[in-house]
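The chain contents come next:
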Amino acid sequence: MSDKWWRHAAIYQIYPRSFADGDGDGIGDLAGIRSKLAYLRDLGIEALWLSPWYVSPMADAGYDVADYRDIDPVFGTLAEAEELIAEAHAYGIRVIVDLVPNHCSSAHPWFQAALKARPGSPDRDLFWFRPGRGEHGELPPNDWMSNFGGPAWTRVADGEWYLHMFDPEQPDWNWENPRVHEDFAATLRFWLDRGVDGFRVDVADNLVKDPALPDVPRPAAGVAQLPDPTDAPVPKKPEPWRDQEGVHEIYREWRKIADSYPHEVAFVGELWDPDPIRFTRYLRPDELHTGFNFAFLSCAWDADAFRAVIDETLTTHAIVGAPPTWVLSNHDVNRHVTRYGRSDTRHTWELTKESHPADLALGTRRARAAALLSLGLPGCAYVYQGEELGLPEVQDLPEELLADPRWKRSGHTDRGRDGCRVPLPWSGEEPPFGFGPPGTKPWLPQPASWRALTAQAEAEDPESMLSLYREALARRPEQRGEAFAWRPSQPGVLAFEREAGLACLVNFGPDPADLPPGSTVVLASGPLTGGSLPVDTAAWVRLP
Ligand code: NOJ
């Protein structure tokens, strides 16, 4: 297992809470994951990324970490995590764990110590504590807004305020302080010593702040928006809470640690940077290995738009020699079966907020085509759990069950991200659909219609999404090289060639497309009609 796997792997994202529940408490866990490793091997993925499994009060589903070097009891134990890593390796599957370095949980012992310490003390300096503004310090130190809504500052008993770019339960670390560097280096080593193969870095561009903490002029107060990769104008200067020069030094430190291990270790950064050049600066040879391609995820269902994103991705990544990644969904965005079934097929944070009518049959056809597109491109491809089953977004969860902090912090205007986090359906005719032992009540309810989308039902159906993913993943290693060339194609169609005469065609419409003369179809996302490729269909073909 020593090749540079991170240049080409198909990587499956597990959101532990919702993947599989071994003990029947309604929340997924490590026992559940271990029971499904054979499923993942048969699916054909090469690595797993596990969303946080650490000790956490779960204010943001584990992205609020109270102990970076232990497992939350709701998921299991450290010993089970070690066994999981070993078992995955035995199946030839690498393991990437989630690292959350921008903030911790307010329950973290160092934050608790900071609360008890006096203003100006070394314990407070590990975070961003500041006096307030206004006559009595009653106003926040600046006008920054939390990504979940409301001010990014909360006041503590002695009158100081602390910074949290997400929930108040997620205080931001002060990366100006060397102890923070030392502690994260120790956490990296802790997990590398246990054999993990990589780290997914949460909000990777946010760690360093402009220490002057300046105000940012903004048009109106409200829920702060993460920059939208398709819509946002490229900022001339990044906002003072992200993409500061100092953040690159952190990744250089981390890269040295990763490179000091005998096995191939890789980082993947969560970077919502709308500027592709600033994005790839994180992927320089001595920094992170890869970053999630959110421009691809956010792209409208349109041939020209996809062509532009693919061109931009390949060109900018080539400058730094980093492999591209291709991402369609994750635990933060509406599932793409639903997105592609809407009249507005883009991902934007605005559209994520509410339910929008979707034609799921259309969305599923397009999602099948998108699978062959994303798995057909050179680089790493990510598969978010349930995407291989064609799960749609659950748009009608009862409000009283919504657990995402966005719901509360937005004053109940943003329903948040729970609709893509509904526990997976594995088998059977009714909830919990094998998510847990019989009688399990999943932490979010599964729609009854998911009986047709269980892994078991789909495994038996050669036409299912699962069968398509299995076949595509099984054939993907044939295209492991990095070669890529566009082929001439009619308007509305993307066609590109990979290794050994293999080509991928995707028809975005409006007309059926001709296949290259003399080619043979290796795999198609839907039935071909009269030898041509229907609209919203993709195919991998072997050229003569
Ligand atoms: C990005 C994660 O993907 C998201 O789920 C989380 O809420 C924020 N970072 C804060 O950690």
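Everything numeric in this text was worked out from a predicted model, so none of it was measured. (Residues numbered from 1 in each chain as written. Predicted model: local features only at pLDDT ≥ 70, side-chain atom pairs only at ≥ 80, totals over all residues. Heavy atoms only, no water.)

Colleague: How do you make sense of the pattern of salt bridges when you look at a structure like this?
Modeller: Close approach of charged atoms allows side chains of opposite charge to pair. Enumeration over the complete set of coordinates arrives at 41 salt bridges. When the shortest N-O distance is used, the salt bridge between Asp-123 and Arg-179 registers 3.9 Å. Within this pair, whereas Asp-123 is found in the loop between helix H4 (109-116) and strand E6 (129-130), its partner Arg-179 is found in helix H5 (residues 178-193), the two being separated by 56 residues in sequence. Relative accessible area serves as the criterion here: at 27%, Asp-123 is assigned to the partly exposed category. Across the salt bridge formed by Arg-346 and Asp-344, the nearest N and O atoms sit 2.8 Å from each other. Using a relative accessible area of 24% as the deciding quantity, one classes Asp-344 as partly exposed. Shared partners join several salt bridges into a network, and the residues in it are Asp-60, Asp-332, Asp-404, Arg-417 and Arg-421. (Salt bridge = Lys/Arg side-chain N within 4 Å of Asp/Glu carboxyl O. Helix = DSSP H or I, 4+ residues; strand = E, 2+ residues; numbered from the N terminus. Buried < 20%, exposed > 50% of the residue type's maximum accessible area, 1.4 Å probe, protein only.)

Colleague: Hey, could you run me through the sheet that holds strand E12 (residues 325-326) in this one?
Modeller: The strand order across the open sheet built from eight strands is E11-E10-E9-E5-E2-E1-E13-E12, with neighbouring strands paired in parallel fashion. This sheet does not close on itself; its edge strands, each paired only once, are strand E11 (290-291) and E12. Where strand E1 (residues 10-14) and strand E13 (residues 380-384) come together, four bridges link them in parallel fashion. The residue bridging Ile-11 from the neighbouring strand is Tyr-382, located in E13. (Pairing = 2+ DSSP bridges.)

Colleague: Whenever I open this one, the site of the ligand confuses me. Can you help?
Modeller: In the region of the ligand, 13 residues are neighbours, and Asp-60, His-103, Asp-202, His-331 and Asp-332 sit closest. A distance of 2.6 Å separates an oxygen atom of the ligand from a polar side-chain atom of Asp-60. Note that an oxygen atom of the ligand is positioned 2.7 Å from one of the side-chain N or O atoms of Asp-202. For the shell around the ligand, a count of residues per class yields four nonpolar, two polar and seven charged. (Near = heavy atom within 4 Å. Polar contact = N/O pair within 3.5 Å; in protein donor to acceptor, adjacent residues only side chain to side chain. Nonpolar A, V, L, I, M, F, W, Y, C, P; charged D, E, K, R; others polar.)

Colleague: I would appreciate a short explanation of the nonpolar core in the present structure.
Modeller: One broad trend across soluble globular proteins is that nonpolar side chains are buried collectively. Membership of the largest hydrophobic core comes to 141 residues, with the highest contact counts inside it found for Tyr-12, Leu-40, Trp-53, Tyr-251 and Trp-254. With near-sequence residues (within four places) excluded, Leu-40 lies in contact with Tyr-12, Ile-14, Phe-19, Ile-45, Leu-48 and Ile-93. Counting residues in each nonpolar core, the second largest holds 13 residues, with Trp-144, Trp-153, Trp-161 and Leu-163 among its members. (Core = buried A, V, L, I, M, F, W, Y, C linked by side-chain atoms within 4.5 Å. Contact = heavy atoms within 4.5 Å.)

Colleague: Please explain the sheet that holds strand E14 (residues 485-486) as it appears in this structure.
Modeller: Note on sheets: strands pair through backbone hydrogen bonds, and any given pair is parallel or antiparallel. The antiparallel open sheet is built from five strands, whose spatial order is E14-E15-E16-E20-E18. Edge strands, defined here as strands with exactly one partner in the open sheet, are E14 and strand E18 (520-524). Relative to strand E15 (residues 493-497), E14 is paired through two bridges, and the arrangement is antiparallel. Its bridge partner lying in E15, Trp-486 is registered against Phe-496. Across the sheet, helix H12 (residues 360-376) lies against E15, strand E16 (502-507), E18 and strand E20 (537-542), angled at about 45° from E20, the strand it touches most. Taken strand by strand, helix H15 (residues 465-475) contacts E18 and E20, and its axis lies near 125° from that of E18. (Axes fitted to C-alpha atoms, helices over the stretch in contact; angles between N-to-C directions.)

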